[in-house]
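Spelled out, the chains give:
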Amino acid sequence: MARVVVDVMLKPEILDPQGQAVVNALPRLGVSNVRSVRIGKRIEIDFAGDADLDRAKDIANRLLANPVIEDFALRVEADTTDAAGDAGEDAR
Amino acid sequence: MTARIGVVTFPGSLDDQDAARAIGLGGATPVALWHANADLYGVDAVILPGGFSYGDYLRCGAIARFSAVMESVAKAAGDGLPVLGICNGFQTLCEAHLLPGALTRNQNLHFRNRAQWLRVESTSTVWTSGLTQGQEILIPLKSGEGCYVADASTLDALEAEGRVVARYTRDNPNGSQRDIAAVRNEAGNVVGIMPHPEHAVEALTGPSTDGLGFFTSVVAHLGAVV
């Protein structure tokens, strides 16, 4: 599969209220050793032909991330067609 | 001849009708503009209204920025067309890089919906020329992603150039840096404001009529120009 994965994260200096809300909820799960949680977005772009990293970078720059508040990283993902099988059990 | 002011309707816009009504009360003729139509029909000014354009998917205003009408608005704004972005419209102007900074999730995660006090900081814009510097106004705020952020050098430049148009006063509802509620571009024809002046134009429905000044200001400006 010709997939490029883009991870978009708020810049470190930008407050992440969602992440803070998660941190604040963790004590209720009995978790006390987490200092920080940051929440971002994972975006999967499937190309019709070969994975076009340059085009994906252009999409990320212009649309997927706002450079004022966000950073992004992208990578071509290896074939993942058989990766879904065990996920359900692992999640438990 | 009365001035004609366009109001853009995006899929998910909510406040286009209120903006059109406020334009009428301010003494101009509202003109409906459509997101998928690049034609501005020769309007003398444009308002980008509040709402949730394109469902606020990805980021607020991120998709709206690439709509057909926004290409025309961006070009015309560069040529001096007065543009006011309210709430989602402010977010769209930031996404389109017509204004600096960005609007992010409210610091406390609360959707803020209330009448909010602002202090007018700049009357050097076509949208606030009829207001008074330092004047406190009460207009509705209703947003979940109204926290204004920019890097320190941008904020310093905005302050130094008098481009902070209004600040939250009495309290800061969303964590906006330096209490910023509204900013303008260098030329002063493009203004973005998070609270809603178009909801404060009639005593029956608003907490005040303080918002009317934004509309009468631009009408006075256009009258002087035309």
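Scope of this entry: the structure provided in the associated data block. (Residues numbered from 1 in each chain as written. Chains lettered and ligands numbered in written order. Predicted model: local features only at pLDDT ≥ 70, side-chain atom pairs only at ≥ 80, totals over all residues. Heavy atoms only, no water.)

Turning our eyes to something else, we now look at the side chain of Arg167 of chain B. Residue and element names in this part refer to chain B. Positionally, Arg167 belongs in strand β9 (residues 164-168). A relative accessible area of 12% means that Arg167 is categorised as buried. Among the polar contacts made by the side chain of Arg167, one reaches the side chain of Glu121 at a distance of 3.2 Å. Among the polar contacts made by the side chain of Arg167, one reaches the side chain of Glu159 at a distance of 2.8 Å. Residues in contact with Arg167, not counting those within four places in the same chain, are Trp117, Leu118, Arg119, Glu121, Glu159, Arg178, Asp179, Ile180 and Ala181. (Helix = DSSP H or I, 4+ residues; strand = E, 2+ residues; numbered from the N terminus. Buried < 20%, exposed > 50% of the residue type's maximum accessible area, 1.4 Å probe, protein only. Polar contact = N/O pair within 3.5 Å; in protein donor to acceptor, adjacent residues only side chain to side chain. Contact = heavy atoms within 4.5 Å.)

All names here are of chain A. What the three strands build is an open sheet, ordered β2-β1-β3; its pairing is antiparallel. In the strand order of this sheet, the two ends are held by β2 (41-46) and β3 (70-77), each with one partner. When the angles between neighbouring strand axes are averaged without regard to direction, this sheet yields 20°. Of the strand pairs in this sheet, strand β1 (residues 3-10) and β2 are connected by six bridges, and their pairing is antiparallel. Its bridge partner lying in β2, Arg3 is registered against Asp46. Along the sheet, helix α2 (residues 53-64) contacts β1, β2 and β3; its crossing angle with β3, the most-contacted strand, is approximately 155°. (Pairing = 2+ DSSP bridges. Axes fitted to C-alpha atoms, helices over the stretch in contact; angles between N-to-C directions.)

To continue, consider helix α1 (residues 16-26) of chain B. Residue and element names in this part refer to chain B. What α1 keeps buried is the set Asp16, Ala19, Ala20, Ala22, Ile23 and Gly26. Taken around the axis of α1, the buried residues stretch over an arc of 160°, which confines them to a single face. Looking one or two residues past α1, Gly27 carries a phi angle of roughly 105°, positive in sign. (Arc of directions from axis to C-beta.)

Our next topic: the interface of chain A and chain B. On the side of chain B, 15 residues touch chain A, which itself brings 15 residues to the contact. Contact between chain A and chain B buries roughly 1,300 Å² in total, counting both sides, with carbon and sulfur atoms accounting for 67%. In terms of surface lost to chain B, no three residues of chain A exceed Pro17, Leu63 and Asn66 of chain A, which account for 35% of the buried area on that side. Viewed at the interface, chain B and chain A are joined by one salt bridge. A salt bridge links Arg59 of chain B to Glu70 of chain A; the shortest N-O distance between them is 3.5 Å. Connecting chain A to chain B are six residue pairs in polar contact (both at pLDDT 80 or more). When its residues are assigned to classes, the side of chain A that touches chain B shows 10 nonpolar, two polar and three charged. (Buried area = accessible area lost by both parts, 1.4 Å probe. Salt bridge = Lys/Arg side-chain N within 4 Å of Asp/Glu carboxyl O. Nonpolar A, V, L, I, M, F, W, Y, C, P; charged D, E, K, R; others polar.)

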